[in-house]
Amino acid sequence: MIINARINVRFKSGVLDPQGTAIKGALKHLGFDGVEDVRVGKLIEIKLDAASKEDAEGQIKDMCEKLLANPVIEDYSFELS
Amino acid sequence: MKCAVIMFPGSNCDVDCYHACRDVLGQPTEYVFHKEKFSSVDFDLIVLPGGFSYGDYLRAGAIARFSPAMESVIKAAEAGKLILGICNGFQILLEAKLLPGAMKRNRDLKFHCHDVFLRVENNNTPFTGLYKKGEIIKVPIAHGEGNYFADRDTMEKLKARGGVVFTYCDRDGNVTEEANPNGSVENIAGIVSEQGNVLGMMPHPERCAEDILGNTDGRRVFESILQYVEGSVAHGR
Amino acid sequence: MAGRDDARKLGLADYEYDEIVKTLGREPNYLELGMYSVMWSEHCSYKNSKPVLKRFPTSGPRVLQGPGENAGIVDIGDNLAVVMKVESHNHPSAVEPYQGAATGVGGIIRDIFTMGARPVALLDSLRFGSLDDPRVKYLFSGVVSGIADYGNCMGIPTVGGEVYFDDSYRDNPLVNAMCVGIIQHDRIVKGRAAGVGNSVMLVGSTTGRDGMHGASFASEELSEDSVAKRPSVQVGDPFMEKLLLEACLELLQNKWVVGIQDLGAAGLTSSSCETAARAGSGIELDVALVPRREENMTPYEVMISESQERMLVIVEKGHEQDVKKIFEKWDLNAVKIGTVTDDGMLRVLENGTVVAEVPARSLADGAPSVKRESRKPDYMETLDVDLSSIKIPADLNDVLIKLLSSPNIASKAWVYQQYDHTVRTDTVVPPGSDAAVLRIKGTKKGIALTTDCNGYYCYLDPYEGGKQAVAEAARNLVVAGARPLAITDCLNFGNPEKPGVYYQFEKCVDGMAEAARYLNTPVISGNVSFYNETRENAIYPTPVVGMVGLLEDVEKRCTMAFKKEGDVVVLLGENTDELGGSVYLREVMGVKGGRPPRLNLDVEKRVQDCCLKAIELGLVHSAHDVSEGGLAVALAESCIAGNTGFSGEIETELRHDAVLFGEGQSRIIMSLPEENLSLIQKIAGESNVNISVLGFVKQGNFKIEVKHKGVNIGKIDIPVEEIAGIWGNAIRWKVEN
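Residues numbered from 1 in each chain as written. Chains lettered and ligands numbered in written order. Predicted model: local features only at pLDDT ≥ 70, side-chain atom pairs only at ≥ 80, totals over all residues. Heavy atoms only, no water.

Visitor: Give a detailed account of unusual backbone geometry, specifying residues and quantitative values.
Guide: All names here are of chain C. The backbone phi angle of N79 is positive, close to 65°, even though this residue is not glycine. Among the secondary structure elements, N79 is positioned in the loop between β2 (72-77) and β3 (80-88). Judged by its relative accessible area of 35%, N79 falls in the partly exposed class. With a phi angle near 55°, D331 is a residue other than glycine that sits in the positive phi range. (Helix = DSSP H or I, 4+ residues; strand = E, 2+ residues; numbered from the N terminus. Buried < 20%, exposed > 50% of the residue type's maximum accessible area, 1.4 Å probe, protein only.)

What follows is the structure, given as structure tokens:
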């Protein structure tokens with residue numbers, strides 16, 4: 001079965017995010033005074049041929065831990081459809 | 001001393017490192033293509049050069065670490081061979097977990113190409129034996145992702161074992177916020193592995209190793225390595 | 001079949017459509033018409049400029065390849081040659097600064113390695129509006145990061161260039177990228193599709209719909225809907241290009257490679273018809289064989305797509321597998337898409353069925369030349385300024401500070417520190433001096449590189465401005481210790497259909513041609529960019545001169561920095577009372593107009609020769625060209641670069657603001673040990689060059705007194721740290737605030 005996975009990778013809380021900091025500054029500059037925090041992440045879309053949803057889940061988790069996210073600084077989450 | 005320079009797709013300081021090892025240092029040097037494997041006994045020094053391996057897509061160094069040549073690099077590291085990662089090479093060493101921590105984009109999100117001052121924090125390594133501890137040297141940087149990060153525990157362990165080799169400082173050797181070009185934790189510019197045989201550094205010693213370049217402060221990284229390797233041979237280690 | 005209405009929609013004139021019908025002997029179909037429309041656009045055909053460009057000197061004993069190929073080549077001895085070219089990417093950068101600039105860099109790099117050369121340096125000549133405008137800041141930052149990200153990833157040092165700011169470029173910034181390569185004579189490859197039956201292969205990236213009609217887009221004025229045209233800007237992939245570079249250089253080691261051509265503007269259409277036209281052959285290709293990144297692309301889309309990082313390679317029949325093997329090593333596509341024929345036609349097939357068939361030469365070179373009307377623009381009649389009405393400011397420190405903080409004079413470090421300029425470890429004079437110098441490993445030689453153009457001078461007097469651009473480029477190389485060899489030019493102008501713009505174009509070319517002849521620097525490659533205007537405002541005429549020079553002994557290179565306390569500082573050439581066109585008059589005094597400084601080529605040549613001789617004999621410690629901001633700024637820059645002070649005295653009968661801040665031409669300042677002074681004076685005397693002592697390198701302040709008959713009439717006295725801080729940070733403060 002074909003499974004579409006949407007994977008979100010972002011910095012762990014507590015790790016300073018240089019892009020997020022810059023965007024926050026720019027938003028404030030544009031008058032969005034309510035902005036308290038900005039975090040920038042990556043969205044990775046994968047189309048996967050897997051035996052089952054559980055199989056896909058296992059594979060995606062593996063991909064995240066091996067390559068897609070760096071556990072030293074990044075967290076990940078994903079949804080399958 | 002037999003040197004290898006690994007060529008990843010997107011490496012671009014490979015020729016500079018090759019030039020430093022072969023022409024400046026006068027040692028036999030070979031390129032190793034990323035699709036090739038090699039044996040730990042083939043080389044005494046393995047250089048992971050700067051550049052943008054795999055375009056630095058995903059994360060700098062993240063994809064390069066899975067190449068066949070890196071399997072051999074990891075084995076060589078385990079066998080105690082000297083591994084020098086410069087710039088992108090440092091990023092690959094972090095991704096490969098041969099060194100602790102991770103790299104983020106520079107604090108100001110800009111690429112920085114200019115000279116920086118470094119303080120030699122540890123000269124008791126195969127890579128820095130010819131420097132004095134606390135010596136201030138000038139070395140160019142050229143990177144967009146040199147913002148070194150490690151969590152508190154890792155930092156404590158790293159510092160406790162003398163793992164920090166170079167820090168960014170000002171002309172007079174003060175390790176200050178202003179002297180930090182990229183936002184690295186505690187101004188870290190270069191670190192060494194626990195066994196002492198793997199060094200990663202963001203600045204480029206190969207770009208300041210000849211008189212004609214107006215600065216030879218980086219040359220002693222290569223000369224220290226040579227002295228160490230020849231010493232090891234002489235002592236039968 | 002496609003008729004006149006379709007032709008008009010594609011930007012072709014009726015007489016051009018008639019010419020196509022005449023050539024084909026029938027009406028073209030839509031695909032054929034589309035191919036003609038891109039090839040006959042100004043960007044690809046130079047139909048507006050060709051007759052004028054013939055006025056340039058293009059040959060010389062060192063010229064190995066003049067205009068007409070992907071890049072020009074000039075001999076530097078030892079079986080080595082320099083390959084160079086500059087190209088504009090103005091329109092794409094105006095709508096999408098990051099990608100526009102990045103792909104401009106990518107394109108010019110391909111032009112160099114297409115000739116078989118290893119690219120060794122990049123330079124960028126940039127023009128923007130005033131940095132007070134937030135949109136200009138966005139364009140400026142975007143262009144700089146685009147250039148940085150592409151060039152840095154390629155591992156080619158960006159060693160020089162220029163940046164100017166003026167309102168005339170507000171909506172139409174100029175992004176001109178220059179690339180320089182080194183090649184052995186016997187390795188030169190050309191873009192030719194010769195040898196009937198040989199294979200035509202497409203290598204590198206896949207083809208998508210990006211950059212459709214980019215060439216036509218570059219041949220129109222920018223308008224409000226240009227932003228809506230964003231999709232026609234291509235996206236660059238420097239990683240792919242780095243692989244393509246390595247694979248192509250490996251490929252070109254082989255004698256069975258017949259020709260190679262980059263897919264730039266007008267993509268597959270231009271590369272196929274141009275390679276065929278150069279060789280007098282034909283090409284038959286099947287679009288169904290082209291690897292795609294999008295589904296359902298029509299032959300039309302495949303033929304004119306400007307997807308980046310692709311090359312057309314022509315190889316001897318039977319070597320297709322060898323090509324594939326090399327490209328597989330670098331994980332790249334290499335696919336045979338056609339063959340070379342002998343009938344002179346570009347025949348496009350789709351799954352074996354002919355969908356277009358036109359004479360290759362007609363597509364590539366057949367655009368009817370247009371003789372445009374040329375008329376001196378009205379504004380030129382009202383430029384005179386009465387200098388006697390301009391009062392000389394009492395506070396000259398203040399004038400100097402204003403000049404040094406002008407973004408047109410201030411340090412460009414904010415820009416070039418984002419570019420990797422030290423990779424390849426050949427940069428022996430980095431950006432920031434008059435010219436960059438690179439060593440050539442394995443030889444004693446070096447090359448010096450610069451780009452120059454003062455668009456404001458060209459606006460005030462196109463002929464003098466053109467002349468001056470060439471002379472200043474040569475002077476910048478000479479002060480680095482190099483002998484000027486050759487020019488690549490990027491001619492940026494407004495709409496050539498306007499007689500005033502065409503006048504500017506013709507006169508600039510005439511001035512450049514005269515100087516190029518006089519200074520023995522033939523024009524070996526280049527690019528014309530017209531239609532640089534928005535609404536009613538054209539940019540200043542901006543004919544950018546890229547120049548290369550040779551140092552036989554790179555150890556003799558020279559920089560602008562004062563090096564040693566006690567050195568005597570001399571001026572070669574003469575001060576004048578000219579103020580027209582100066583940054584001082586315009587930005588400090590707020591007076592626009594005047595005539596730009598005159599340039600006497602005979603004097604210029606003698607000054608340059610004298611300076612070069614002094615450098616080659618090892619008599620001087622520094623040399624620096626006097627340009628924008630005049631003598632005071634030139635001296636200040638030498639102090640800042642050397643982190644030292646200066647103390648001097650100038651006796652004059654002229655207006656002292658003109659002496660200090662005027663931009664009189666053919667002047668060079670040099671510093672030298674006092675014991676060399678008499679020898680230099682002798683050399684200058686023999687060359688009939690005026691030489692005068694200005695003062696001494698001295699720790700402490702930057703200090704000049706101007707005297708008339710011994711009486712002090714003006715004074716600058718200011719700590720060097722103060723001017724260094726202002727000059728060094730002016731652009732950063734403007735951009736980041």
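Visitor: Quick rundown of the interface of chain C and chain B? Include the residues and the values.
Guide: Each side of the interface is counted separately: chain C has 31 residues, and chain B has 27 residues. Summed over both partners, the interface of chain C with chain B buries about 2,300 Å², with 61% contributed by carbon and sulfur atoms. Looking only at chain C, the three residues that lose the most surface to chain B are F239, Q417 and T425 of chain C, adding up to 23% of its buried area. There are four salt bridges connecting chain C and chain B. Elements with a minimum of two residues in the side of chain C that touches chain B: α8 (134-154), α10 (238-251), α13 (320-329) and β14 (427-429) of chain C. (Contact = heavy atoms within 4.5 Å. Buried area = accessible area lost by both parts, 1.4 Å probe. Salt bridge = Lys/Arg side-chain N within 4 Å of Asp/Glu carboxyl O.)

Visitor: Lay out the pairing of strand β4 (residues 82-86) of chain B in plain terms, naming residues and giving numbers.
Guide: Residue and element names in this part refer to chain B. In terms of burial, β4 is a largely internal element, five of the five residues being buried. Side chains L82, L84 and I86 of β4 all project onto a buried face; the interleaved residues I83 and G85 project onto the opposite face, where all are buried too. Where strand β3 (residues 45-48) lies against β4, four bridges are found, and the strand directions are parallel. Across the sheet, residue L48 finds its bridge partner in β4, namely G85. For the crossover from β3 across helix α2 (residues 68-78) to β4, the handedness is right-handed. (Pairing = 2+ DSSP bridges. Right-handed = clockwise from strand over helix to strand, strands pointing away.)

Visitor: So what about the environment of G714 of chain C? Which residues, and what values?
Guide: In this fold, G714 of chain C is placed in strand β28 (residues 711-719). Between the alpha carbons of G714 of chain C and I704 of chain C there is a distance of 8.3 Å; along the sequence they are 10 residues apart.

Visitor: Break down the side chain of S224 of chain B for me, citing the residues and quoting the values.
Guide: All names here are of chain B. Here S224 is to be found in helix α5 (residues 219-234). Taking relative accessible area as the criterion, S224 reaches 1% and is therefore assigned buried. Excluding residues that lie within four positions of it along the chain, S224 makes contacts with P126, F127, T128, G129 and L130.

Visitor: Tell me about the arrangement of the chains, and please be specific about residues and values.
Guide: In this assembly, two pairs of chains are in contact, and the pair contributing the most contacts is chains B and C. Contact between chain A and chain C is absent, and the minimum C-alpha spacing across the pair is 11 Å.

Visitor: Explain the sheet that holds strand β12 (residues 345-350) of chain C to me, using residue names and the numbers behind them.
Guide: Residue and element names in this part refer to chain C. Strand order in the open sheet formed by seven strands is β8-β10-β7-β11-β9-β12-β13, with mixed pairing between adjacent strands. Looking at the sheet topology across the chains shown, the edges are occupied by β8 (257-262) and β13 (353-359). Averaged over all adjacent pairs, the angle separating strand axes in this sheet is 25°, with direction ignored. Contacting β12 and β13, helix α3 (residues 30-39) runs over the sheet at an angle of about 40° to β13. (Axes fitted to C-alpha atoms, helices over the stretch in contact; angles between N-to-C directions.)

Visitor: Summarise the packing of aromatic side chains; cite the residues concerned and give the values.
Guide: Throughout the structure, instances matching the rule amount to 24 aromatic pairs over all chains. Judged by centre distance (5.2 Å) and plane angle (80°), the rings of F33 of chain B and W330 of chain C are edge-to-face. In this pair, F33 of chain B sits in strand β2 (residues 29-33) while W330 of chain C sits in the loop between α13 and β11 (333-341), so the two residues belong to two different chains. We note that F33 of chain B, like W330 of chain C, is buried. Between Y502 of chain C and F505 of chain C, the aromatic rings sit 5.5 Å apart at their centres with planes inclined by 55°, giving tilted as the arrangement. With Y502 of chain C and F505 of chain C both in helix α19 (residues 499-518), this residue pair falls three residues apart, about one helical turn. Since its relative accessible area comes to 1%, Y502 of chain C is described here as buried. When its relative accessible area of 0% is taken as the criterion, F505 of chain C is described as buried. Between the NZ or CZ atom of K104 of chain B and the centre of the ring of F11 of chain A, over which it lies, the distance is 5.7 Å. For R586 of chain C, the ring lying beneath its charged end belongs to Y456 of chain C, and the centroid distance is 3.9 Å. (Phe/Tyr/Trp six-rings, centres within 6.5 Å; stacked < 30°, edge-to-face > 60°. Lys NZ or Arg CZ within 6 Å of the ring centre and 35° of its normal.)

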